[in-house]
Amino acid sequence: QMGWVVRPCRGEDCGGGSPPSQELAEFEKLPDQVQINDQVLREDGFANDPFYRCLVAEVPPEYRSRDGHTIVGYGLYFFTYSTWKGRNIYMEDLYIMPEFRGKGIGKKLMSKIAEIGVENRCIEMKFVVLDWNQAAIDFYQSQGAVDLTAAEGWHFFHFKGDALVRLAQGQ
Amino acid sequence: MECVVRPCRAEDCVEVMRMIRELAEFEKLPDQVQINDQVLREDGFANDPFYRCLVAEVPPEYRSRDGHTIVGYGLYFFTYSTWKGRNIYMEDLYIMPEFRGIDLEENRMNLGSPGICTPNYAGKGIGKKLMSKIAEIGVENRCIEMKFVVLDWNQAAIDFYQSQGAVDLTAAEGWHFFHFKGDALVRLAQGQTGL
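Residues numbered from 1 in each chain as written. Chains lettered and ligands numbered in written order. Predicted model: local features only at pLDDT ≥ 70, side-chain atom pairs only at ≥ 80, totals over all residues. Heavy atoms only, no water.

Per an unreviewed UniProt entry, chain A goes by the name Diamine acetyltransferase 2-like and belongs to Pelodiscus sinensis. Recorded in UniProt for chain A, the comment headed Sequence similarities (unreviewed entry) runs: "Belongs to the acetyltransferase family." (UniProt positions renumbered as here; feature names shortened; annotations may be inferred.)

This is the structure we're talking about:
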């Protein structure tokens with residue numbers, strides 16, 4: 001029985017070669033999209049007023065991955081706000097290395113984020129899923145999640161690049 | 001007409017809460033508001049605030065019919081992308097109806113349709129000023145994107161945001177917005193499997 005543990009990420013966990021986010025990006029078929037490195041991750045997560053919080057899943061050394069990693073998954077989240085309901089928690093990333101899937105680690109990370117949300121009086125836990133990722137959609141719905149885009153028509157928008165700069169300049 | 005956009009102070013929370021309720025009543029969902037000005041103050045003005053807020057303030061001579069000088073707000077918070085880093089998220093943008101459709105540069109009111117911002121005045125008023133300020137704060141803080149949501153039936157809002165250069169990621173890339181709430185959230189937090 002593999003004794004894995006879910007715990008808060010520490011500053012020193014941010015390194016470790018190719019970040020798990022790169023593996024996730026490749027799965028989502030968007031590998032060139034990763035533009036931060038472990039130093040940025042550390043600065044942004046471990047200063048005053050962190051931009052995010054993170055949990056990692058760790059296995060004992062005897063169960064390390066083929067590449068020698070003992071940190072085999074992570075759940076990155078942050079607190080958000082609703083002017084009608086108050087505090088929310090947002091699950092930004094959930095990733096388990098492929099060789100460690102099917103053991104309940106993903107479910108444990110997700111549960112822990114939900115537990116942190118409930119402990120902090122958060123009303124909702126939010127996240128996004130790509131519409132072609134039917135396995136993920138089915139899993140989250142089996143756990144009781146609701147697709148707000150399908151149910152209520154919410155669309156996710158962004159400003160970035162030149163459009164963001166122009167808006168910031170009041171143009 | 002002068003309009004100043006400035007950070008919300010703790011004492012402004014009563015006014016922001018008033019406008020939050022106005023928006024809920026306008027959307028015919030007044031019972032959906034479950035927080036009050038005290039919660040808003042606690043959550044925004046402790047260590048590690050859950051949100052940040054800007055207010056739009058006019059001089060006393062331009063106060064609203066009901067006597068308010070705080071006439072709009074923009075509520076936002078910082079978020080994170082493991083691929084791009086810092087982001088800024090615009091949660092709410094609200095201007096009292098009588099202060100919409102104002103061209104701040106030309107100091108003209110759109111008197112044709114009170115409360116409705118016609119296309120030729122869109123992007124020149126208080127809403128745009130609030131939105132720009134949030135974007136500016138984002139850029140100053142090295143945020144890569146400014147994100148927000150819009151309901152798919154709100155064509156006026158969609159058209160406006162797209163005219164300003166925003167991209168609909170749900171339409172373009174297939175992103176769907178999910179949530180756990182109520183019993184489902186509690187069950188998940190307790191580590192229970194399935195429904």
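**A closer look at the confidence of the model for chain B**
Scored by pLDDT, chain B has a mean of 88; 90% of the residues are at 70 or more. As scored by the predictor, the complex reaches a pTM of 0.89 and an ipTM of 0.87. (pLDDT = per-residue confidence, 0-100.)

**A closer look at the sheet that holds strand E7 (residues 154–160) of chain A**
Strand order in the open sheet formed by 7 strands is E1(B)-E2(B)-E3(B)-E4(B)-E7(B)-E7(A)-E8(B), with mixed pairing between adjacent strands. Both edges of this open sheet fall to strand E1 (4–7) and strand E8 (167–168) of chain B, since each of them pairs with a single strand only. Taken together, the 10 bridges between strand E3 (residues 70–81) of chain B and strand E4 (residues 85–95) of chain B define a ladder with antiparallel strand orientation. Paired with Gly74 of chain B across the strands is Leu93 of chain B, a residue of E4 of chain B. Each of E7 of chain A together with E4, strand E7 (145–151) and E8 of chain B is contacted by helix H4 (residues 155–163) of chain B, which is oriented at about 160 degrees to E7 of chain B, the strand it contacts most. (Pairing = 2+ DSSP bridges. Helix = DSSP H or I, 4+ residues; strand = E, 2+ residues; numbered from the N terminus. Contact = heavy atoms within 4.5 Å. Axes fitted to C-alpha atoms, helices over the stretch in contact; angles between N-to-C directions.)

**Notes on the nonpolar core**
Membership of the largest hydrophobic core comes to 113 residues, with the highest contact counts inside it found for Met125 of chain A together with Tyr73, Ile126 and Met146 of chain B. The biggest single contributor to this core is E3 of chain B, with 8 residues. Setting aside anything within four residues of it in sequence, one finds Tyr73 of chain B in contact with Thr83 of chain A together with Val16, Met19, Ile20, Leu23, Cys53, Leu54, Val55, Asp92, Leu93, Tyr94 and Leu130 of chain B. (Core = buried A, V, L, I, M, F, W, Y, C linked by side-chain atoms within 4.5 Å. Buried < 20%, exposed > 50% of the residue type's maximum accessible area, 1.4 Å probe, protein only.)

**Notes on the environment of Glu27 of chain B**
Residues and elements named next belong to chain B. Here Glu27 is to be found in the loop between helix H1 (13–26) and helix H2 (37–44). Judged by relative accessible area, which is 39%, Glu27 ranks as partly exposed. Put simply, Glu27 and Ile144 are 117 residues apart on the chain and 31 Å apart in space, counted from C-alpha to C-alpha.

**Topic: helix H2 (residues 38–45) of chain A**
All of the buried residues along H2 of chain A are Leu41, Asp44 and Gly45 of chain A. When H2 of chain A is viewed along its axis, its buried side chains cluster within an angular range of 90 degrees and face the same direction. Buried positions along H2 of chain A lie against E3 and E4 of chain B. With a side-chain oxygen positioned 3.1 Å from the backbone nitrogen of Gln39 of chain A, the residue opening H2 of chain A is Asn37 of chain A. (Arc of directions from axis to C-beta. Polar contact = N/O pair within 3.5 Å; in protein donor to acceptor, adjacent residues only side chain to side chain.)

**Quick word on the pattern of salt bridges**
Evaluated as defined, the whole model comprises 19 salt bridges over all chains. Linking Arg86 of chain B and Asp44 of chain A is a salt bridge whose minimum nitrogen-to-oxygen distance equals 2.9 Å. Of this pair, Arg86 of chain B sits in strand E4 while Asp44 of chain A sits in helix H2, placing the two residues on different chains. The pair formed by Arg86 of chain B and Asp44 of chain A is uniform in burial state, with each residue classed as buried. Across the salt bridge formed by Arg66 of chain A and Glu99 of chain A, the nearest N and O atoms sit 3.7 Å from each other. Placement of the pair is Arg66 of chain A in the loop between strand E2 (53–58) and strand E3 (71–82) and Glu99 of chain A in the loop between strand E4 (86–96) and helix H3 (105–119), with a sequence separation of 33 residues. When salt bridges with common partners are traced through the structure, they connect Arg7, Asp13 and Glu58 of chain A into a single cluster. (Salt bridge = Lys/Arg side-chain N within 4 Å of Asp/Glu carboxyl O.)

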